[in-house]
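Coordinates in review
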Amino acid sequence: PGKKVLIVYAHQEPKSFNGSLLKIAVEELTKQGCSVTVSDLYAMQFEPRATRNDIAGPLHNSEEFNYGVETWEAYKRGGLSKDLVEEQKKVQEADLLIFQFPLFWFSMPAILKGWMDRVLVQGFAYDLSKSYDGGLLQDKLSLFSLTTGGTKEMYSKGGISGDIRYVLWPMQHGIMHFCGVRVLEPHICYAPENVSAEKRKEMLTAWTQRLKTLWKEEPINCSPEWYFK
Ligand code: FAD
Ligand code: ZN
């Protein structure tokens, strides 16, 4: 109760399975007394490209453009573009970040990757020697809630696609942990398109159930062993 949650959502269709998972999270967390904010990236027409348009005003070095340096400098002088400042404010205020999306090519949809690329700016999310457990977004939790086309068997260690944890490594460890954010167990709905209607209902119920006790969960031990052992 009283916790702030930001859900960063990347699906084009509200009637989709991802849309249903989003709706459940908003309803359940709101019911618990959390304040929930949604960044509906497609609906916002969120810009995924990291370009010089992200810097308002003059560049630090106008001779040779370096996106990392320019956004870092712009962050420090309050010169990032408005859409980035808004997302950073939402992140800053949140106790929990939930990412809701379908797996695209063993990764996140480009629009969500663009959110990561553009919002988690140096100086804001991490800094020189301020990364991993020392990252700037400490005391926040994250949860990756994703759907797949492939089955659970395919995403097992001996399966054709390999352990789903291999896919989570860049997202959970490379991005969230790098920025100091602790990581809750991922929530994966396997192959919602290819299961029975009953199974789909079961998966949605399981998400509701998980959310009911979410605040009692401990973060995972996000280290290479969790992913690759
Ligand atoms: P939907 O098709 O929206 O949902 C499935 C069904 O659930 C639909 O019939 C929908 O009507 C129904 N439904 C929605 N809400 C409810 C409800 N409340 N109750 C009951 N039924 C409901 N998959 C991989 O495994 N690996 C990849 O690398 C990969 N790469 C991809 C790359 C691209 C570019 C694309 C487009 C897809 C890729 N996929 C991949 C597949 C993708 O991950 C799945 O298509 C996606 O996760 C399915 O989720 P969805 O929300 O879009 O499903
Ligand atoms: Zn980690």
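Each remark here, short or long, concerns the structure printed above.
The shown structure was predicted, so the numbers you read here are calculated from the model rather than taken from an experiment. (Residues numbered from 1 in each chain as written. Chains lettered and ligands numbered in written order. Predicted model: local features only at pLDDT ≥ 70, side-chain atom pairs only at ≥ 80, totals over all residues. Heavy atoms only, no water.)

1. What about the packing of aromatic side chains?
- In the structure shown here, the tally under the stated rule is 14 aromatic pairs.
- Aromatic pair Phe106 and Tyr155: ring centres 5.9 Å apart, planes at 50°, arrangement tilted. Here the residue Phe106 occupies a position in the loop between strand E3 (96–102) and helix H4 (110–119), and Tyr155 occupies one in the loop between strand E4 (141–147) and helix H5 (164–176), the gap between them amounting to 49 residues.
- Here the aromatic cluster, defined as three or more aromatic residues joined through ring pairs, consists of Tyr166, Trp169, Trp226, Tyr227 and Phe228.
- Above the face of the Trp72 ring, Lys76 is positioned so that its terminal group lies 4.3 Å from the ring centre.
- Note that Arg118 overlies the ring of Phe46, its terminal NZ or CZ placed 5.1 Å from the centroid. (Phe/Tyr/Trp six-rings, centres within 6.5 Å; stacked < 30°, edge-to-face > 60°. Helix = DSSP H or I, 4+ residues; strand = E, 2+ residues; numbered from the N terminus. Lys NZ or Arg CZ within 6 Å of the ring centre and 35° of its normal.)

2. Some words on the pattern of salt bridges
- Under the counting rule described, the total for this entry stands at 14 salt bridges.
- Between Glu28 and Lys31 there is a salt bridge whose closest N-O contact spans 3.7 Å. Within this pair, Glu28 and its partner Lys31 are both found in helix H1 (residues 17–31), separated by 3 residues, close to a single helical turn.
- On the basis of relative accessible area, Glu28 is assigned to the buried category, the value being 6%.
- For Lys31, a relative accessible area of 65% gives the class exposed.
- With a shortest N-O distance of 3.2 Å, Glu28 and Lys212 are connected by a salt bridge. Linking Glu28 in helix H1 with Lys212 in helix H6 (residues 197–212), this pair joins segments that are 184 residues apart in sequence.
- Counted as one network, the salt bridges with shared partners bring together Glu28, Lys31 and Lys212. (Salt bridge = Lys/Arg side-chain N within 4 Å of Asp/Glu carboxyl O. Buried < 20%, exposed > 50% of the residue type's maximum accessible area, 1.4 Å probe, protein only.)

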